[in-house]
Amino acid sequence: MRCHNTMSSPRFLIKSQYRYSKMLLLVAVLLANSVKAWQIAAKVTTLRHNSKLHFTSPFGGDEQEKEAMIGRYMEEKGMSKEEAETEYKAFKTNPYYSLEKGEEYYAGLGYNSLLDGVVGEAEKEGRGDEVKERIEKFKRESKLKAYGVIGFFAVSFLVLKNIYEKDPSFFGK
């Protein structure tokens, strides 16, 4: 008499693969729901031209947009066209451009770091507690997101490891 409850039986393998597939699906759904919290880093802007939808790359951009940005920069900062183009190029190629500029600005005011400068200037305006609270909230949420990503990959690894241990042929030959 043959027993179908052994680990090597096809029925058991199908059930265990189905169970792990459901578990992976659950993890995928949880990940999909948390994508909103991750705020995708690559920014794609949409422009409306002649009732058509155009997408511009965050790395290249539209030539008109570039010229408009350089023109605004020349007006705001009182720079020459060459200086404004250099600043624009640095802005487009360096992902930390804004942070570096903020560090320079607050270092010029005598602060040790960007966050110290932001809090110090906010305290001068009477809203230091509000800014400190926002910074703490940002740090908490960032830690939570990081732990969520680490947890997702750890659980995924463990699930796949268990599937592989039960049936290595599940991943192909």
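Residues numbered from 1 in each chain as written. Predicted model: local features only at pLDDT ≥ 70, side-chain atom pairs only at ≥ 80, totals over all residues. Heavy atoms only, no water.

## Description of the overall build of the chain
Inference 1: Secondary structure summary: the chain contains six helices and two strands in total.
Inference 2: Ordered by position in the sequence, the α and β elements of the chain form the string α-β-β-α-α-α-α-α.
Inference 3: Here the chain holds 173 residues, and the buried ones make up 16% of them.
Inference 4: Look at the contacts in the chain between residues 6 or more apart in sequence, and 26% of them connect residues 24 or more apart.
Inference 5: For the chain, the exposed area adds up to about 14000 Å²; of that, 59% sits on carbon and sulfur atoms. (Helix = DSSP H or I, 4+ residues; strand = E, 2+ residues; numbered from the N terminus. Buried < 20%, exposed > 50% of the residue type's maximum accessible area, 1.4 Å probe, protein only. Contact = heavy atoms within 4.5 Å. Areas by Shrake-Rupley, 256 points an atom, 1.4 Å probe, with all protein chains shown as cover.)

## Considerations on helix α3 (residues 81-93)
Inference 1: Counted at 1.5 Å a residue, the expected span for α3 with its 13 residues is 18 Å, and the 18 Å between its end C-alpha atoms agrees.
Inference 2: Every buried residue belonging to α3 is among Ala-84, Glu-87 and Tyr-88, and all of these are buried. Taken down its axis, α3 places every buried residue within 100° of arc, on the same side. Facing away from the buried side of α3 by more than 90 degrees, the exposed set consists of Glu-82, Thr-86, Lys-89 and Thr-93.
Inference 3: Packing partners of the buried residues in α3 comprise α2 (63-77) and α4 (97-108). (Expected span 1.5 Å × (residues − 1). Arc of directions from axis to C-beta.)

## Some details on the confidence of the model for the chain
Inference 1: Averaged over all residues, the pLDDT of the chain equals 76, while 64% of them reach at least 70.
Inference 2: Mean pLDDT values for the elements of the chain range from 37 in strand β1 (residues 45-49) up to 94 in helix α6 (residues 128-166).
Inference 3: The low-confidence segment residues 1-5 (pLDDT under 50) makes three contacts with residues lying over four places distant or belonging to another chain.
Inference 4: Contacts from residues 36-56, a stretch scored under 50 in pLDDT, to residues over four places away or in other chains number 25 contacts. (pLDDT = per-residue confidence, 0-100.)

## A closer look at the environment of Leu-109
Inference 1: Structurally, Leu-109 is set in the loop between α4 and α5 (114-124).
Inference 2: When the C-alpha positions of Leu-109 and Glu-121 are compared, they lie 9.6 Å apart, and in sequence the two are twelve residues distant.

## Comments concerning the pattern of salt bridges
Inference 1: Here the structure, examined in full by the defined rule, presents eight salt bridges.
Inference 2: The shortest N-O distance in the salt bridge between Arg-134 and Glu-130 comes to 3.8 Å. Residue Arg-134 and its partner Glu-130 are located together in helix α6, separated by four residues, close to a single helical turn.
Inference 3: Glu-130 sits in the partly exposed class, given a relative accessible area of 43%.
Inference 4: In this structure, the salt-bridge partner of Glu-165 is Lys-161, at a minimum N-O distance of 3.0 Å. Of this pair, Glu-165 and Lys-161 both sit in helix α6, four residues apart, which is roughly one turn of the helix.
Inference 5: Among the residues examined, Glu-165 registers a relative accessible area of 51% and is labelled exposed.
Inference 6: Several salt bridges share partner residues, and in doing so they unite Glu-87, Lys-101 and Glu-104 into one network. (Salt bridge = Lys/Arg side-chain N within 4 Å of Asp/Glu carboxyl O.)

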